[in-house]
Amino acid sequence: MGHLGVLLFLLGGLGTLADICEIPEVDSKLVETLGQRLLPWIDWLSLEHLNPSIYVGLRLSSLQAGAREAFYLHILKLKYQQSFLSPRLAVNDDKRDDQAKPSMGQLALYLLALRANCEFVGGHKGDRLVSQLKRFLENEKRAIGPNHKGHPHTSYYQYGLGILALCVHQKRLHDTVVGKLLYAVEHDQHIHRDHLSVDTVAMAGLAFTCLDHSNFNPNQRHRITLAIRTVQEKILKAQTAEGYFGNVYSTPLALQLLMNSFMPGEKLGRACLKARTALLASMKNGAFRNALLISQLLPVLNGKSYVDLISPDCEAPRVLLQLAMEYPSQTREVISVMLKVPSVMPPYRYSISVPAGSSLEDVFKKAQKLGGFTYGTQNTLSGPYLTSVMGKEVGEREFWQLLRAPDTPLLEGIAEYTPKNGETIELRLVSW
């Protein structure tokens, strides 16, 4: 009987009704469609497009990609070890090399991928990778500061992910490192902007759950237990009328956390069923096309979470994915999308014609080809991230926000969002 099962048994013996978060089985065809969207990414083997999250998501799902999956892990090992351990790429003052090097968040996901294959990081090379991730967390801890008045150089999301990755590999961290994330959850201002960042607190909760299950940081045990409960309550309070926790794309990670939870009463179970209904509707409408988000959702649909990487089941049967049938493309109608950047001088506003079904990135490419519009991106695990528009680079704690007129922020990135005919898309540089 697992840790959660023992607690439920004890509560039942005391006459207390304990509620758990269960996700009933979803139509296998819908799940397979999600998995098929990952297959093209598995064949994309350049370093800048490698995404360890894809491998983790598949290994924790009911699906497999056979030999392609194994080869993908092989390439991950080659490219990541070369990138993080090569002396040439370790030079921080070489800007070009630094940009080519994956982030510490990607290194953390790589460590999760190793555990998803039932491997523990080890040996001289493995120890060096662990040391780099620990050094990253120490640097972020110093950036936050002794009085918690600073901010991580990256984000609390990556901070929590780093702790989780080391935890599942049974690597202990100093109480002061864990304490910074505990403080961030205990004091809302470090996790919030103008609203709760559900995926950030969910990742923190997953890290705390791993520490709790592994009995790490015993001096912080009481705070860790309370922080897990705080995260659960924050996520449940963030549920929308439609059923999402925050929004559709933060819901999978929230469910990964809640699936490892138990609470008195029936609130938790009802909330999870409502979220499942909302996700099902979104899946049917084709909402999930981003590789990172799909890889966070697939484990949920198989009743798994990143916490299962503490002791993964690598012998569980999984269905082999087949490539989706491709049909000859038909002539698509042409639509018009108004693109506007009011914050530059002179303000940019232009109607761009593209085939129906084009992504927002396709609109940007067409606008740039026509002249008068420029943009720059950086590849991330979530897809291309806007770093500049009309020559204006994002500064520290700034980002280019995408809005559908008059004032609706887009939840998807430029590679996933598909504008409709007549829409106006505004790019707005905002600070946080």
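Conventions used here
Residues numbered from 1 in each chain as written. Predicted model: local features only at pLDDT ≥ 70, side-chain atom pairs only at ≥ 80, totals over all residues. Heavy atoms only, no water. UniProt positions renumbered as here; feature names shortened; annotations may be inferred. Buried < 20%, exposed > 50% of the residue type's maximum accessible area, 1.4 Å probe, protein only. Helix = DSSP H or I, 4+ residues; strand = E, 2+ residues; numbered from the N terminus. Pairing = 2+ DSSP bridges. Phe/Tyr/Trp six-rings, centres within 6.5 Å; stacked < 30°, edge-to-face > 60°. Core = buried A, V, L, I, M, F, W, Y, C linked by side-chain atoms within 4.5 Å. Contact = heavy atoms within 4.5 Å. Disulfide = S-S within 2.5 Å.

- If you check an unreviewed UniProt entry, the chain appears there as Transcobalamin-2 from Nyctereutes procyonoides.
- UniProt annotates the chain under Subunit (unreviewed entry) with the comment "Interacts with CD320 (via LDL-receptor class A domains)."
- Its UniProt record gives the chain the following Subcellular location (unreviewed entry) comment, quoted word for word: "Secreted".

A look at the pairing of strand 8 (residues 383-389)
Within a regular strand, side chains alternate between the sheet's two faces.
Stage number 1. Buried residues dominate strand 8, accounting for five of its seven residues.
Stage number 2. Taken together, the six bridges between strand 7 (residues 375-380) and strand 8 define a ladder with antiparallel strand orientation. When the bridges of strand 8 are listed, N379 appears paired with P384.
Stage number 3. Counting the residues in the hairpin turn of strand 7 and strand 8 gives two residues.
Stage number 4. Sheet analysis places strand 8 next to strand 9 (residues 392-393), joined by two bridges and oriented antiparallel. Note on strand 9: the bridge partner recorded for S388 is E393.
Stage number 5. Following strand 8, the chain reverses through two residues before pairing antiparallel with strand 9; M390 in that reversal takes a positive phi of roughly 55°.

What to know about the packing of aromatic side chains
Stage number 1. Inspection of every chain in the model, using the stated rule, returns ten aromatic pairs.
Stage number 2. Aromatic pair W41 and W44: ring centres 5.6 Å apart, planes at 45°, arrangement tilted.
Stage number 3. Relative accessible area serves as the criterion here: at 23%, W41 is assigned to the partly exposed category.
Stage number 4. Relative to Y110, the ring of Y80 has its centre 5.2 Å away and its plane inclined at 25°; by these criteria the two rings are stacked.

A short note on the nonpolar core
Soluble, globular proteins show a tendency: their nonpolar side chains are buried together.
Stage number 1. F208, I235, F245 and F288 are the most contacted members of the largest nonpolar core, which has 110 residues in total.
Stage number 2. Dropping the residues within four chain positions of it, F288 is found in contact with L34, R37, V248, Y249, P252, L279, S282, M283, L293, I294 and L297.

Brief notes about the state of the cysteines
Any covalent bond linking the sulfur atoms of two cysteines counts as a disulfide.
Stage number 1. For the structure on display, the rule yields three disulfides.
Stage number 2. Here C21 connects covalently by a disulfide to C272, the sulfurs 2.0 Å from one another. The sign of the S-S torsion, about -115°, decides the handedness of the disulfide formed by C21 and C272: left-handed. Here C21 is found in the loop between strand 1 (18-20) and helix 2 (28-42), whereas its partner C272 is found in helix 13 (residues 267-284), with 251 residues between them in sequence.
Stage number 3. Paired by a disulfide, C167 and C210 hold their sulfur atoms 2.1 Å apart. Its S-S torsion of approximately -95° makes the covalent link between C167 and C210 left-handed. Linking C167 in helix 8 (residues 156-168) with C210 in helix 10 (residues 198-214), this pair joins segments that are 43 residues apart in sequence. The burial state of C167 is the same as that of C210; both residues are buried.
Stage number 4. The cystine pairing of the chain, numbering bonded cysteines in sequence order, is 1-5, 2-6, 3-4.

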